[in-house]
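# Secondary and tertiary structure notes
Listed here are the chains, written in short residue letters.
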Amino acid sequence: MKKNGVYDFIFAGAGAATLQIIGQLLDDDNFATASILILERNSKKENDRTWCFWEPKENSSWNNAVVNSWDHITFASPEKILHESISPFAYKMIRSSKYYNSMAARIGQFPNVDMFFEEVNSFDENPDHVVVSTDNHNYKGTYFLNSILDWSVLKRQNNYPVLQQHFVGWYIKTGEACFDSKTATFMDFGVEQRGNTRFMYILPLSKNEALIEYTLFSKNQLKKAEYEREIRAYLTKKNIRNYIIEETEQGSIPMTCYPFSKHNTNRVLHIGSAGGWTKASTGFTFKFIERKAKKLIPFLRENKNMRLFEKRNRFWWYDLLFLDVLARYNHKGSFLFSRMFQRNNPVTILRFLDEKTSLREELRILRSFPVGLFIRQLLLRLVGAKH
Ligand SMILES: Cc1cc2nc3c(=O)[nH]c(=O)nc-3n(C[C@H](O)[C@H](O)[C@H](O)COP(=O)(O)OP(=O)(O)OC[C@H]3O[C@@H](n4cnc5c(N)ncnc54)[C@H](O)[C@@H]3O)c2cc1C
(Lines give C-alpha, C1' and ligand atoms only; values in the text may rest on other atoms or scores of the structure.)
Protein backbone atom coordinates (compact mmCIF):
# COMPACT_ATOMS: atom_id res chain seq x y z
CA MET A 1 0.00 0.00 0.00
CA LYS A 2 3.01 2.29 0.38
CA LYS A 3 3.32 4.69 -2.54
CA ASN A 4 6.90 4.74 -3.86
CA GLY A 5 8.11 3.45 -0.52
CA VAL A 6 6.44 6.29 1.40
CA TYR A 7 3.73 5.75 4.04
CA ASP A 8 0.93 8.30 4.22
CA PHE A 9 1.19 8.45 8.00
CA ILE A 10 3.86 7.26 10.42
CA PHE A 11 3.04 7.23 14.15
CA ALA A 12 5.70 7.06 16.84
CA GLY A 13 4.42 5.28 19.95
CA ALA A 14 1.32 3.13 20.26
CA GLY A 15 -0.18 4.63 23.40
CA ALA A 16 -3.46 6.36 24.06
CA ALA A 17 -3.06 9.14 21.50
CA THR A 18 -1.90 7.03 18.57
CA LEU A 19 -4.43 4.30 19.21
CA GLN A 20 -7.35 6.70 19.59
CA ILE A 21 -6.40 8.47 16.35
CA ILE A 22 -5.88 5.15 14.55
CA GLY A 23 -9.27 3.96 15.82
CA GLN A 24 -10.92 6.96 14.21
CA LEU A 25 -8.89 6.71 10.99
CA LEU A 26 -9.97 3.08 10.61
CA ASP A 27 -13.61 4.11 11.05
CA ASP A 28 -13.36 6.62 8.21
CA ASP A 29 -13.72 5.35 4.63
CA ASN A 30 -11.69 8.28 3.36
CA PHE A 31 -8.60 6.61 4.82
CA ALA A 32 -9.40 3.07 3.65
CA THR A 33 -6.42 3.08 1.29
CA ALA A 34 -4.09 5.22 3.41
CA SER A 35 -0.85 3.45 4.29
CA ILE A 36 -0.08 3.71 7.98
CA LEU A 37 2.94 2.66 10.02
CA ILE A 38 3.05 2.52 13.82
CA LEU A 39 6.42 2.23 15.57
CA GLU A 40 6.38 1.26 19.23
CA ARG A 41 9.31 0.29 21.43
CA ASN A 42 7.39 -1.87 23.95
CA SER A 43 5.32 -4.98 23.44
CA LYS A 44 2.26 -3.15 24.92
CA LYS A 45 0.91 -6.34 26.42
CA GLU A 46 1.03 -5.23 30.05
CA ASN A 47 -1.30 -3.02 31.96
CA ASP A 48 0.91 0.07 32.25
CA ARG A 49 -1.90 2.59 32.85
CA THR A 50 -5.26 2.88 34.53
CA TRP A 51 -7.12 5.61 32.66
CA CYS A 52 -10.03 7.35 34.32
CA PHE A 53 -12.24 10.08 32.99
CA TRP A 54 -15.73 11.42 33.37
CA GLU A 55 -18.35 11.68 30.67
CA PRO A 56 -22.16 11.52 30.51
CA LYS A 57 -23.14 8.24 32.13
CA GLU A 58 -25.08 7.00 29.11
CA ASN A 59 -22.19 7.49 26.64
CA SER A 60 -21.34 4.04 25.43
CA SER A 61 -18.40 4.37 23.06
CA TRP A 62 -15.94 3.13 25.71
CA ASN A 63 -18.27 0.47 27.15
CA ASN A 64 -16.19 -2.45 25.87
CA ALA A 65 -13.13 -1.16 27.66
CA VAL A 66 -14.63 0.32 30.84
CA VAL A 67 -14.04 -1.96 33.84
CA ASN A 68 -15.69 0.17 36.52
CA SER A 69 -17.62 3.38 36.95
CA TRP A 70 -18.76 5.56 39.84
CA ASP A 71 -21.71 7.95 40.19
CA HIS A 72 -20.36 9.69 43.29
CA ILE A 73 -17.10 11.30 44.27
CA THR A 74 -15.55 12.28 47.57
CA PHE A 75 -13.37 15.32 48.01
CA ALA A 76 -11.74 15.54 51.43
CA SER A 77 -9.80 18.38 53.01
CA PRO A 78 -8.67 18.45 56.63
CA GLU A 79 -11.73 20.63 57.47
CA LYS A 80 -14.48 19.02 55.47
CA ILE A 81 -15.41 15.85 53.58
CA LEU A 82 -17.69 16.34 50.58
CA HIS A 83 -19.59 13.39 49.21
CA GLU A 84 -21.33 14.32 45.98
CA SER A 85 -23.30 12.88 43.11
CA ILE A 86 -21.81 13.76 39.72
CA SER A 87 -24.92 12.90 37.72
CA PRO A 88 -25.33 13.23 34.72
CA PHE A 89 -21.66 12.24 34.59
CA ALA A 90 -20.06 9.01 35.68
CA TYR A 91 -16.39 8.57 36.48
CA LYS A 92 -15.15 5.63 34.41
CA MET A 93 -12.07 3.42 34.50
CA ILE A 94 -10.23 1.70 31.65
CA ARG A 95 -7.35 -0.75 32.06
CA SER A 96 -4.84 0.01 29.32
CA SER A 97 -3.94 -3.65 28.60
CA LYS A 98 -7.53 -4.37 27.58
CA TYR A 99 -7.53 -1.40 25.23
CA TYR A 100 -4.09 -2.22 23.75
CA ASN A 101 -5.17 -5.81 23.07
CA SER A 102 -8.45 -4.87 21.46
CA MET A 103 -6.74 -2.27 19.27
CA ALA A 104 -3.95 -4.68 18.30
CA ALA A 105 -6.59 -7.20 17.18
CA ARG A 106 -8.42 -4.53 15.23
CA ILE A 107 -5.26 -3.17 13.56
CA GLY A 108 -4.36 -6.75 12.55
CA GLN A 109 -7.47 -6.82 10.34
CA PHE A 110 -6.27 -3.89 8.22
CA PRO A 111 -3.61 -4.74 5.64
CA ASN A 112 -2.93 -1.03 5.12
CA VAL A 113 -1.63 -0.65 8.71
CA ASP A 114 1.81 -1.94 9.72
CA MET A 115 2.78 -2.08 13.38
CA PHE A 116 6.44 -2.74 14.15
CA PHE A 117 8.01 -3.00 17.57
CA GLU A 118 11.05 -0.80 17.06
CA GLU A 119 12.40 2.16 18.98
CA VAL A 120 12.35 5.48 17.13
CA ASN A 121 15.72 7.20 17.44
CA SER A 122 15.19 10.33 15.36
CA PHE A 123 13.25 11.94 12.56
CA ASP A 124 14.22 14.33 9.82
CA GLU A 125 11.88 16.43 7.74
CA ASN A 126 12.44 16.93 4.00
CA PRO A 127 10.33 19.08 1.67
CA ASP A 128 8.11 16.18 0.58
CA HIS A 129 8.43 13.56 3.33
CA VAL A 130 9.74 12.79 6.81
CA VAL A 131 12.38 10.14 7.47
CA VAL A 132 11.86 8.27 10.75
CA SER A 133 14.84 6.24 11.91
CA THR A 134 15.06 3.18 14.12
CA ASP A 135 18.16 1.06 14.80
CA ASN A 136 17.75 -0.94 11.60
CA HIS A 137 15.48 1.06 9.32
CA ASN A 138 14.76 4.47 7.85
CA TYR A 139 11.04 4.79 7.14
CA LYS A 140 9.56 7.50 4.97
CA GLY A 141 6.19 9.09 5.64
CA THR A 142 4.26 12.00 4.13
CA TYR A 143 3.18 12.92 7.67
CA PHE A 144 4.71 12.01 11.01
CA LEU A 145 2.61 11.98 14.19
CA ASN A 146 4.86 11.82 17.19
CA SER A 147 3.67 10.80 20.67
CA ILE A 148 7.13 10.47 22.22
CA LEU A 149 7.30 12.96 25.05
CA ASP A 150 10.62 14.76 25.26
CA TRP A 151 10.99 15.91 28.88
CA SER A 152 14.30 17.57 28.02
CA VAL A 153 12.59 20.40 26.06
CA LEU A 154 10.69 21.23 29.25
CA LYS A 155 13.87 21.27 31.31
CA ARG A 156 15.68 23.51 28.83
CA GLN A 157 13.28 26.43 29.32
CA ASN A 158 12.03 28.47 32.25
CA ASN A 159 9.20 30.53 30.74
CA TYR A 160 6.60 28.00 31.80
CA PRO A 161 6.60 26.22 35.15
CA VAL A 162 6.75 22.45 34.88
CA LEU A 163 5.12 20.39 37.58
CA GLN A 164 4.44 16.69 37.44
CA GLN A 165 1.50 14.70 38.61
CA HIS A 166 3.44 11.79 40.01
CA PHE A 167 2.22 8.82 41.95
CA VAL A 168 2.55 5.25 43.07
CA GLY A 169 -0.61 3.18 43.28
CA TRP A 170 -1.43 -0.18 44.84
CA TYR A 171 -4.27 -2.42 43.83
CA ILE A 172 -5.13 -3.97 47.20
CA LYS A 173 -7.50 -6.66 48.35
CA THR A 174 -8.61 -6.49 51.97
CA GLY A 175 -9.80 -9.24 54.30
CA GLU A 176 -12.87 -7.24 55.36
CA ALA A 177 -15.26 -4.87 53.58
CA CYS A 178 -13.48 -1.49 53.72
CA PHE A 179 -14.66 0.58 50.74
CA ASP A 180 -17.79 2.21 49.41
CA SER A 181 -17.73 0.74 45.92
CA LYS A 182 -20.05 3.44 44.52
CA THR A 183 -17.76 6.35 45.38
CA ALA A 184 -14.39 7.35 43.92
CA THR A 185 -12.19 9.54 46.12
CA PHE A 186 -10.89 12.25 43.81
CA MET A 187 -8.64 13.93 46.31
CA ASP A 188 -8.14 13.23 50.00
CA PHE A 189 -5.89 15.94 51.38
CA GLY A 190 -5.86 14.33 54.81
CA VAL A 191 -2.15 13.55 54.40
CA GLU A 192 0.92 15.56 55.43
CA GLN A 193 1.59 18.17 52.73
CA ARG A 194 5.34 18.57 53.49
CA GLY A 195 5.51 21.81 51.46
CA ASN A 196 3.82 20.28 48.39
CA THR A 197 0.40 19.40 47.03
CA ARG A 198 -0.13 15.79 48.17
CA PHE A 199 -3.26 13.68 48.28
CA MET A 200 -4.69 10.19 48.11
CA TYR A 201 -6.74 9.07 45.12
CA ILE A 202 -8.89 5.99 45.74
CA LEU A 203 -10.84 3.93 43.24
CA PRO A 204 -12.77 1.14 44.96
CA LEU A 205 -13.52 -1.79 42.68
CA SER A 206 -15.60 -3.61 45.28
CA LYS A 207 -16.10 -3.48 49.04
CA ASN A 208 -12.73 -5.12 49.56
CA GLU A 209 -10.70 -4.09 46.50
CA ALA A 210 -9.34 -0.70 45.55
CA LEU A 211 -6.63 1.17 43.70
CA ILE A 212 -4.99 3.55 46.19
CA GLU A 213 -2.63 6.13 44.77
CA TYR A 214 -0.42 8.50 46.70
CA THR A 215 -0.22 11.49 44.36
CA LEU A 216 1.69 14.75 44.24
CA PHE A 217 1.47 17.83 42.04
CA SER A 218 5.03 19.06 42.43
CA LYS A 219 8.33 19.63 40.65
CA ASN A 220 10.27 16.56 41.70
CA GLN A 221 9.52 12.90 42.09
CA LEU A 222 10.11 11.06 45.35
CA LYS A 223 11.94 7.83 45.99
CA LYS A 224 9.56 4.91 45.47
CA ALA A 225 9.85 3.94 49.15
CA GLU A 226 8.44 7.35 50.17
CA TYR A 227 5.22 6.91 48.19
CA GLU A 228 4.90 3.40 49.59
CA ARG A 229 5.47 4.54 53.15
CA GLU A 230 2.70 7.12 52.79
CA ILE A 231 0.25 4.56 51.35
CA ARG A 232 1.02 2.20 54.23
CA ALA A 233 0.56 4.99 56.80
CA TYR A 234 -2.72 6.05 55.21
CA LEU A 235 -4.10 2.52 55.27
CA THR A 236 -3.10 2.15 58.91
CA LYS A 237 -4.82 5.46 59.72
CA LYS A 238 -7.98 4.11 58.07
CA ASN A 239 -7.60 0.94 60.13
CA ILE A 240 -7.01 -1.15 57.00
CA ARG A 241 -4.37 -3.63 58.14
CA ASN A 242 -5.34 -6.92 56.62
CA TYR A 243 -4.62 -6.58 52.89
CA ILE A 244 -2.56 -7.94 50.05
CA ILE A 245 -1.07 -5.89 47.20
CA GLU A 246 -2.20 -7.48 43.96
CA GLU A 247 -0.62 -5.06 41.49
CA THR A 248 1.23 -1.75 41.49
CA GLU A 249 1.22 1.26 39.20
CA GLN A 250 3.58 4.19 38.96
CA GLY A 251 3.55 7.24 36.76
CA SER A 252 4.43 10.80 36.07
CA ILE A 253 2.34 13.12 33.92
CA PRO A 254 3.58 16.54 32.79
CA MET A 255 1.66 19.55 34.13
CA THR A 256 2.71 22.54 32.09
CA CYS A 257 1.45 25.17 29.65
CA TYR A 258 4.65 24.90 27.63
CA PRO A 259 3.56 25.37 23.98
CA PHE A 260 4.49 21.93 22.62
CA SER A 261 2.77 22.88 19.35
CA LYS A 262 5.64 25.18 18.41
CA HIS A 263 7.53 22.00 17.48
CA ASN A 264 4.88 21.11 14.89
CA THR A 265 5.93 21.69 11.29
CA ASN A 266 4.34 21.21 7.86
CA ARG A 267 4.60 17.44 8.12
CA VAL A 268 5.11 16.76 11.81
CA LEU A 269 2.40 16.87 14.46
CA HIS A 270 3.07 16.14 18.13
CA ILE A 271 0.18 14.27 19.69
CA GLY A 272 -0.96 13.20 23.14
CA SER A 273 1.07 14.43 26.12
CA ALA A 274 3.92 15.14 23.69
CA GLY A 275 1.62 17.57 21.87
CA GLY A 276 0.45 19.33 25.04
CA TRP A 277 -2.91 17.52 25.08
CA THR A 278 -2.64 16.95 28.84
CA LYS A 279 -4.75 19.35 30.87
CA ALA A 280 -2.00 21.31 32.56
CA SER A 281 -3.79 21.96 35.86
CA THR A 282 -4.93 18.38 36.47
CA GLY A 283 -2.97 15.90 34.34
CA PHE A 284 -6.17 14.47 32.84
CA THR A 285 -5.46 13.60 29.20
CA PHE A 286 -7.53 10.67 28.01
CA LYS A 287 -10.71 12.56 27.05
CA PHE A 288 -8.71 15.48 25.64
CA ILE A 289 -7.05 12.98 23.32
CA GLU A 290 -10.48 11.78 22.24
CA ARG A 291 -11.58 15.32 21.50
CA LYS A 292 -8.40 16.20 19.61
CA ALA A 293 -8.58 12.95 17.62
CA LYS A 294 -12.12 13.85 16.50
CA LYS A 295 -10.89 17.23 15.27
CA LEU A 296 -7.80 15.77 13.66
CA ILE A 297 -9.56 13.36 11.29
CA PRO A 298 -11.33 16.03 9.17
CA PHE A 299 -8.14 18.10 9.37
CA LEU A 300 -6.06 15.24 7.92
CA ARG A 301 -8.66 14.72 5.20
CA GLU A 302 -7.83 18.19 3.94
CA ASN A 303 -4.07 17.46 3.99
CA LYS A 304 -3.42 20.72 5.79
CA ASN A 305 -0.20 22.07 7.13
CA MET A 306 0.24 20.46 10.59
CA ARG A 307 1.31 23.81 12.03
CA LEU A 308 -2.28 25.00 11.69
CA PHE A 309 -3.87 22.27 13.81
CA GLU A 310 -3.52 23.64 17.34
CA LYS A 311 -5.51 26.63 18.57
CA ARG A 312 -5.05 28.22 21.99
CA ASN A 313 -8.17 28.97 24.06
CA ARG A 314 -8.89 30.96 27.23
CA PHE A 315 -8.60 27.81 29.37
CA TRP A 316 -4.89 27.74 28.53
CA TRP A 317 -4.61 31.10 30.29
CA TYR A 318 -6.49 29.86 33.38
CA ASP A 319 -4.20 26.84 33.54
CA LEU A 320 -1.14 29.01 33.07
CA LEU A 321 -2.04 31.27 36.00
CA PHE A 322 -3.02 28.33 38.17
CA LEU A 323 0.29 26.58 37.49
CA ASP A 324 2.23 29.79 38.06
CA VAL A 325 0.60 29.99 41.49
CA LEU A 326 0.98 26.29 42.26
CA ALA A 327 4.64 26.24 41.24
CA ARG A 328 5.42 29.27 43.39
CA TYR A 329 3.24 28.23 46.34
CA ASN A 330 3.32 24.46 46.01
CA HIS A 331 2.03 23.99 49.57
CA LYS A 332 -1.22 25.82 48.71
CA GLY A 333 -2.72 23.13 46.46
CA SER A 334 -4.80 21.63 49.25
CA PHE A 335 -6.25 25.06 50.08
CA LEU A 336 -6.89 26.00 46.42
CA PHE A 337 -8.59 22.75 45.44
CA SER A 338 -10.60 22.77 48.69
CA ARG A 339 -11.89 26.28 47.97
CA MET A 340 -12.92 25.23 44.47
CA PHE A 341 -14.74 22.08 45.59
CA GLN A 342 -16.34 23.67 48.67
CA ARG A 343 -17.71 26.68 46.81
CA ASN A 344 -18.91 25.17 43.53
CA ASN A 345 -21.16 22.46 42.26
CA PRO A 346 -19.02 19.39 41.37
CA VAL A 347 -20.69 18.99 37.98
CA THR A 348 -19.84 22.59 37.07
CA ILE A 349 -16.25 21.95 38.20
CA LEU A 350 -16.04 18.88 35.98
CA ARG A 351 -17.42 20.86 33.04
CA PHE A 352 -14.90 23.62 33.81
CA LEU A 353 -12.04 21.11 33.83
CA ASP A 354 -13.43 19.77 30.55
CA GLU A 355 -13.25 23.33 29.14
CA LYS A 356 -16.97 23.34 28.46
CA THR A 357 -18.25 26.08 30.78
CA SER A 358 -19.51 29.54 29.86
CA LEU A 359 -17.51 32.63 30.75
CA ARG A 360 -20.05 33.43 33.45
CA GLU A 361 -19.60 30.02 35.10
CA GLU A 362 -15.85 30.40 34.87
CA LEU A 363 -15.92 33.77 36.62
CA ARG A 364 -17.94 32.23 39.43
CA ILE A 365 -15.37 29.43 39.82
CA LEU A 366 -12.43 31.81 39.59
CA ARG A 367 -13.98 33.93 42.37
CA SER A 368 -13.58 30.97 44.74
CA PHE A 369 -9.82 31.44 44.63
CA PRO A 370 -7.97 34.15 46.60
CA VAL A 371 -8.07 36.95 44.03
CA GLY A 372 -4.95 38.78 45.28
CA LEU A 373 -2.74 35.76 44.75
CA PHE A 374 -3.85 35.34 41.16
CA ILE A 375 -3.74 39.05 40.27
CA ARG A 376 -0.20 39.26 41.59
CA GLN A 377 0.76 36.29 39.43
CA LEU A 378 -1.03 37.76 36.41
CA LEU A 379 0.91 41.01 36.82
CA LEU A 380 4.17 39.11 37.10
CA ARG A 381 3.28 37.24 33.91
CA LEU A 382 2.40 40.45 32.11
CA VAL A 383 5.66 42.17 33.03
CA GLY A 384 7.52 39.05 31.89
CA ALA A 385 8.88 37.95 35.27
CA LYS A 386 9.70 34.27 35.51
CA HIS A 387 7.50 32.19 37.81
C1 LIG B 1 0.33 5.50 35.02
C2 LIG B 1 -0.48 6.59 34.35
C3 LIG B 1 -1.83 6.72 34.62
C4 LIG B 1 -2.58 7.72 33.99
N5 LIG B 1 -3.91 7.85 34.30
C6 LIG B 1 -4.64 8.78 33.66
C7 LIG B 1 -6.02 8.89 33.92
O8 LIG B 1 -6.55 8.21 34.80
N9 LIG B 1 -6.75 9.76 33.21
C10 LIG B 1 -6.18 10.56 32.24
O11 LIG B 1 -6.90 11.33 31.61
N12 LIG B 1 -4.86 10.51 32.02
C13 LIG B 1 -4.08 9.64 32.69
N14 LIG B 1 -2.74 9.56 32.42
C15 LIG B 1 -2.15 10.55 31.51
C16 LIG B 1 -2.33 10.17 30.04
O17 LIG B 1 -3.67 9.91 29.74
C18 LIG B 1 -1.54 8.96 29.65
O19 LIG B 1 -0.18 9.16 29.90
C20 LIG B 1 -1.73 8.60 28.19
O21 LIG B 1 -1.25 7.30 28.03
C22 LIG B 1 -1.04 9.58 27.26
O23 LIG B 1 -1.13 9.11 25.97
P24 LIG B 1 0.06 9.36 24.96
O25 LIG B 1 -0.25 8.63 23.73
O26 LIG B 1 0.38 10.80 24.91
O27 LIG B 1 1.32 8.69 25.67
P28 LIG B 1 1.56 7.15 25.95
O29 LIG B 1 0.28 6.46 26.18
O30 LIG B 1 2.60 7.12 27.01
O31 LIG B 1 2.14 6.62 24.57
C32 LIG B 1 3.44 6.91 24.13
C33 LIG B 1 4.00 5.63 23.56
O34 LIG B 1 5.25 5.91 22.97
C35 LIG B 1 6.11 4.80 23.22
N36 LIG B 1 7.48 5.28 23.04
C37 LIG B 1 8.16 6.13 23.84
N38 LIG B 1 9.37 6.36 23.31
C39 LIG B 1 9.44 5.66 22.16
C40 LIG B 1 10.43 5.52 21.14
N41 LIG B 1 11.61 6.17 21.22
N42 LIG B 1 10.15 4.74 20.09
C43 LIG B 1 8.95 4.09 19.96
N44 LIG B 1 7.99 4.17 20.90
C45 LIG B 1 8.23 4.97 21.97
C46 LIG B 1 5.77 4.38 24.63
O47 LIG B 1 6.16 3.06 24.89
C48 LIG B 1 4.26 4.57 24.63
O49 LIG B 1 3.60 3.38 24.26
C50 LIG B 1 -1.96 8.60 33.05
C51 LIG B 1 -0.59 8.46 32.82
C52 LIG B 1 0.15 7.49 33.46
C53 LIG B 1 1.63 7.42 33.20
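Conventions and cut-offs
Residues numbered from 1 in each chain as written. Predicted model: local features only at pLDDT ≥ 70, side-chain atom pairs only at ≥ 80, totals over all residues. Near = placed C-beta within 6 Å. Helix = DSSP H or I, 4+ residues; strand = E, 2+ residues; numbered from the N terminus. Nonpolar A, V, L, I, M, F, W, Y, C, P; charged D, E, K, R; others polar. Domains from an automatic or database assignment. Buried ≥ 20, exposed ≤ 12 C-beta atoms within 10 Å, placed from the backbone. Pairing = 2+ DSSP bridges. Contact = placed C-beta atoms within 7 Å.

Taken together, 29 residues lie around the ligand, and Gly 13, Gly 15, Gly 251, Gly 272 and Thr 285 are the ones closest in. Within the residue set of the shell around the ligand, elements represented by two or more residues are helix H1 (16-27), strand S3 (50-56) and strand S16 (243-255). Broken down by element, the residue count for the shell around the ligand peaks at four residues, all from S3. Taken together, the residues of the shell around the ligand break down into 14 nonpolar, ten polar and five charged. Of the domains in this structure, domain 1 (6-49 + 94-156 + 256-308) and domain 2 (163-255) are the two that each give at least three residues to the shell around the ligand.

This part is about the pairing of strand S7 (residues 89-95). When you tally the buried positions in S7, you get five out of seven residues, the bulk of the element. Both S3 and S7 contribute to a ladder of seven bridges, which runs antiparallel. Opposite Pro 56, over in S7, you have Phe 89 as the bridge partner. Bridging between strand S4 (residues 66-70) and S7 involves four bridges; their strand directions are antiparallel. Following the sheet pairing, Asn 68 is matched in S7 by Met 93.

Below, the discussion takes up the domain arrangement of the protein chain. Parsing the protein chain into structural domains produces domain 1 (6-49 + 94-156 + 256-308), domain 2 (163-255) and domain 3 (314-382). On a C-alpha basis, the centres of domain 1 and domain 3 stand 31 Å from each other. Facing the seven residues of domain 1 at the interface are six residues of domain 3. Across the side of domain 1 that touches domain 3, the residue classes tally to three nonpolar, three polar and one charged.

Time to look at the pairing of strand S10 (residues 130-134). Looking at chain direction, strand S9 (residues 120-125) and S10 are connected through five bridges and run antiparallel. Following the sheet pairing, Val 120 is matched in S10 by Thr 134. Two elements, S10 and strand S11 (residues 138-146), share four bridges in a ladder whose sense is antiparallel. Residue Val 130 lies in a different strand from S11, and its bridge partner there is Gly 141.

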